Amino acid sequence: MEPQYFKHFINGEFVSSSRTFPKHRPSDGALIGQVCEAGKAEVNAAVAAARAAMKGPWGRMSVEDRTALLHKVADEINRRAEDFVLAEMNDTGQPRAMVEHGFIPRGAANFKIFADVIKNVPAESFTSSSPDGRGALNYSIRVPKGVIGVVCPWNAPLLLMTWKVGPALACGNTVVVKPSEETPATAALLGEVMNAVGVPPGVYNVVHGFGPDSAGAFLTSHPGVDAITFTGETRTGTAIMKAAADGIRSVSFELGGKNAGVVFADCDLDAAIEGIGRAAFMNCGQICLGTERLYVERPIFDRFVTALKKRAESLKPGNPEDAGTTLGPLISEEQRNKVLSYYKKARDEGATLVTGGGVPDMPGELAHGHWVQPTIWTGLPETASVIREEIFGPCCHIAPFDTEDEAIERANDTEYGLCTTIWTQNLTRAHRVAARIDVGIAWINSWFLRDLRTPFGGSKRSGIGREGGVHSLEFYTELRNICVKL
Ligand code: NAD
Ligand code: 6OD
């Protein structure tokens, strides 16, 4: 494969900058190419282009034309699906099936769904009269916020970027995106798509680089950015919130998690193992919605542990292109060191290792990739590091519980509140438990079953705000009330 050179996308053109950094392939550590790193000059240019585009044809475009264009963006992503699949696999090492049938089509869908949402939002209106008899008609309109700064993680690059860019553009804003330094490729490809379907220059801009003292910090502290939407670690959210405080810019945050799964003895065990198997190990555990803490009712505890162990051991790490591969690598050596440090902490803190705990033997070039074994522990107290801290790897701790109240209390014993997955055939109990676990999203007898019209986001330290369907409008638009004296 030819070495690649990832440029910024500013005002409809691909532009380079003098500083670059290397990008390596997670599956075998091979150097893929160089990524341009934006300094203040590139970020200034991207923000200026985005501001100018708000005043140009984009700002004057009717909602019908704008949303039709976004449908074309989705169609063009689907037409070029194979390019996106290859780019994403190369950047992340994710197995082909997951990228091809999951993350890429979903990235395209993010443009269609939000285009359709914005076309169909009703406006509120009131006719009123004051005590002195003056009458008025009040109605509200939604207007774009302006230039949105979009800062993205690496774990589902196109999906998580378009999940922000789709609604931002549907609402009439322009964007400057800062993809993760680990995954520059699909954000760049999306620039080609925007040009191909005629999205005006400056509407979609991309600046590559790192966070602190680099493109991320320059973008989020830029006074020309009107609002910031961010997906990533909670401590990065803290830094971005401080940057957003200057200028009182609004933020929408999707942050870390330490999600609990609760499995009752009356569940359909096969279905639970299938669902929890995905929740714990999908994307090599690099999913914010993943389940790293499991509470299983005591009568089925041993059977559950044995079945999940079998499931973990059935996963096949390998070349992302091979049809039989079901487990990819971690994104980077740094992430592998972090996950392995938790594997060690679990050992040191006295865990019973059910399976995994190390690095698999990989053949040939794959031996240079960032692989770890899917890992399951039992026997730790709730104070253990692997129960308290987000690991973002293919691992989970399983503990038994005896009562519903105990399960709820332990599930809630965390500073995070993104999601939970509850397994029981007693639906009355399922609804009761879902209402009492302090999270933004509760799945019953399922996991990561997403309807894009539903609210998505976390409570506690897992985020601020909700996006999805009409909820995205709360962040990506300003609501203006207009009052007419009658
Ligand atoms: P990260 O916070 O390290 O990086 C995310 C992005 O922020 C990157 O583009 C990075 O360059 C940028 N960044 C870092 N420091 C910055 C700063 N000071 N100013 C501006 N930008 C900065 O997160 P990650 O490692 O890429 O992703 C993994 C994390 O993301 C996990 O904690 C995971 O839970 C979280 N996540 C949450 C959701 C969700 O929906 N809640 C979804 C996916 C990932
Ligand atoms: O499906 C989504 O809308 C979404 N935001 C998924 C997030 C996955 C996190 O890793």
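Note: the structure precedes this text.
The following refers to the structure shown. (Residues numbered from 1 in each chain as written. Chains lettered and ligands numbered in written order. Predicted model: local features only at pLDDT ≥ 70, side-chain atom pairs only at ≥ 80, totals over all residues. Heavy atoms only, no water.)

Our next topic: the pairing of strand β9 (residues 174-178). In terms of burial, β9 is largely enclosed, as five of its five residues are buried. Burial along β9 is two-sided: Thr174, Val176 and Lys178 facing one way and Val175 and Val177 facing the other are all buried. Of the strand pairs in this sheet, strand β8 (residues 147-151) and β9 are connected by five bridges, and their pairing is parallel. When the bridges of β9 are listed, valine 151 appears paired with lysine 178. (Buried < 20%, exposed > 50% of the residue type's maximum accessible area, 1.4 Å probe, protein only. Helix = DSSP H or I, 4+ residues; strand = E, 2+ residues; numbered from the N terminus. Pairing = 2+ DSSP bridges.)

It is worth spelling out the side chain of histidine 8 at this point. With respect to the element layout, histidine 8 can be found in strand β2 (residues 8-10). Take histidine 8: its relative accessible area is 0%, and that puts it in the buried class. Those residues within four positions of histidine 8 in sequence are excluded, and the remaining contacts are Glu13, Phe14, Val15, Ser16, Ser17, Cys36, Glu37, Ala38, Glu42, Val206, Val207 and His208. (Contact = heavy atoms within 4.5 Å.)

Next up on the list: the site of ligand 1. Taken together, 31 residues sit near ligand 1, with Lys178, Glu181, Thr236, Leu255 and Glu390 positioned nearest. One of the side-chain N or O atoms of glutamate 181 is found 2.7 Å from an oxygen atom in ligand 1. Residue glutamate 390 places a side-chain N or O atom 2.5 Å away from an oxygen atom belonging to ligand 1. Isolated, ligand 1 exposes 840 Å² of accessible area, and the fraction of that covered by the protein chains is 92%. Mapped by element, the contributors of at least two residues to the shell around ligand 1 are α8 (215-220), β11 (227-231) and α9 (234-245). Counted by class, the shell around ligand 1 contains 17 nonpolar, nine polar and five charged residues. (Near = heavy atom within 4 Å. Polar contact = N/O pair within 3.5 Å; in protein donor to acceptor, adjacent residues only side chain to side chain. Areas by Shrake-Rupley, 256 points an atom, 1.4 Å probe, with all protein chains shown as cover. Nonpolar A, V, L, I, M, F, W, Y, C, P; charged D, E, K, R; others polar.)

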